[in-house]
Amino acid sequence: MKIAYISDLHIDSYIKYIMNLQAVKENIIKDAEVGIPLIIAGDLSNDKSFALKLLGYLSQYYRPIYFVSGNHEYYFQKQTNNSLEYLITEAEKQLGENFIYLDRQGIKEIGNKKIAGTNMWYNFYQPETEFAYLFKLNDSRFLTIDRAKEEAMKDIKYYNEVIDEVDIFVSHVPLIETPAVKKYKNDNCFRRTVDLRENKIYIAGHTHIIYKTQYENSNFYFNAFGYPNEIEESEKGIKIIEI
């Protein structure tokens, strides 16, 4: 069984830099294998109208699309047509069964496997995480720390409820330390500490890296598209796992 995966597309940043959007979209899909499932591990776009257009484009190639929210999906929540709720409602309306929202939505099927996922907000139980959230990250401009803490508590409760029953767990925030930790001064905003399980597939984003590794007898996959000029163009694009 083949599964495609990607994260951190930030498609609005390419529009901001007046890049050829069609070329960008073609670079995302590259040699698409039509009809296989696609997992998106968060951060489509700050602007939800661009996110919807991108989902519509991707749905021409991949079926279905599984999606977990990233921190950027929570930006501009006060704008009626730019909230996470608006994005999910419109995506389900426009794409129907070809769009599956995972955030704390129980356990879904993907082929003959079981899948679950959610954002997995940060390690707020550590004081340095609160400081980083309030004074170093853009997130606090759009989401109060109390709301972020609430989401984090719900996420960990959900993870503990489903992880033993699934084959694949998708999160936006990584559940292990990645090489990107050297780039960030506060790892607690770029990793969520959990009790990992063996023989699982974990897919995540957030740290804007392309990386795969094995840890605790499980496989971890990261495949960020990233901002313009952040990742080598030849490396960017949807990748495939065969399980």
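Residues numbered from 1 in each chain as written. Predicted model: local features only at pLDDT ≥ 70, side-chain atom pairs only at ≥ 80, totals over all residues. Heavy atoms only, no water.

1. Details of the overall build of the chain
What counts is decided by this rule: Helix and strand definitions follow DSSP, with helices as H or I runs of at least four residues and strands as E runs of at least two, each counted in order from the N terminus. Throughout, radius of gyration means the C-alpha value; the globule benchmark is 2.2 Å times the number of residues raised to the power 0.38. Buried, partly exposed and exposed residues are distinguished by accessible area as a fraction of the type maximum, computed with a 1.4 Å probe on protein chains only: under 20%, between the cut-offs, and over 50%, respectively. Accessible areas in this description were obtained via Shrake-Rupley with a 1.4 Å probe; residue shielding takes into account the shown protein chains only. The charge count includes Lys and Arg as positive and Asp and Glu as negative, but it does not include His or the ends of the chains. Positions of charges follow a simple convention, taking NZ of Lys, CZ of Arg, CG of Asp or CD of Glu.
In terms of helices and strands, the chain carries six helices and 11 strands. Taken over C-alpha atoms, the radius of gyration comes to 17 Å for the chain, in line with the 18 Å a tight globule of 243 residues would show. Across its three principal directions, the C-alpha atoms of the chain cover 45 × 40 × 35 Å. The 243 residues of the chain split such that 55% are buried. For the chain, the exposed surface amounts to about 11,300 Å²; the carbon and sulfur share of it is 47%. Both charge centroids of the chain, one from 29 positive and one from 35 negative side chains, sit 2 Å from each other.

2. Observations concerning the packing of aromatic side chains
Defined as follows: Each pair of aromatic rings taken from Phe, Tyr and Trp, with Trp reduced to its six-membered ring, is defined by centres within 6.5 Å and is described as stacked if the planes are under 30 degrees apart, edge-to-face if over 60, and tilted in the remaining cases.
According to the stated counting rule, one finds 18 aromatic pairs in the structure shown. Ring geometry for Tyr159 against Phe169: centres 5.0 Å apart, planes inclined by 90°, an arrangement best described as edge-to-face. Here Phe169 lies in strand 7 (residues 168-171) and Tyr159 lies in helix 6 (residues 145-162), a separation of 10 residues in the sequence. A residue is classified by how much of its surface remains accessible, and Tyr159, at 0% relative accessible area, is buried. Site record: aromatic cluster; members linked through ring pairs are Tyr74, Trp121, Tyr122, Phe124 and Tyr133.

3. Points about the environment of Tyr61
Put simply, the rule is: Throughout, a contact is declared for two residues whenever any of their heavy atoms are within 4.5 Å.
Mapped onto the elements of the fold, Tyr61 is located in the loop between helix 3 (48-58) and strand 3 (65-67). Looking at Tyr61, the relative accessible area reads 23%, which means it is partly exposed. Here the alpha-carbon distance between Tyr61 and Ala32, two residues 29 residues apart in the chain, equals 6.8 Å. Each residue touching Tyr61, except ones within four places of it in the same chain, is listed here: Ile29, Ala32, Glu33, Val34, Gly35 and Ile36.

4. With respect to the environment of Lys53
Tracing the chain through its elements places Lys53 in helix 3. For Lys53 and Ala91, which are 38 residues apart along the polypeptide, the C-alpha to C-alpha distance reads 9.4 Å.

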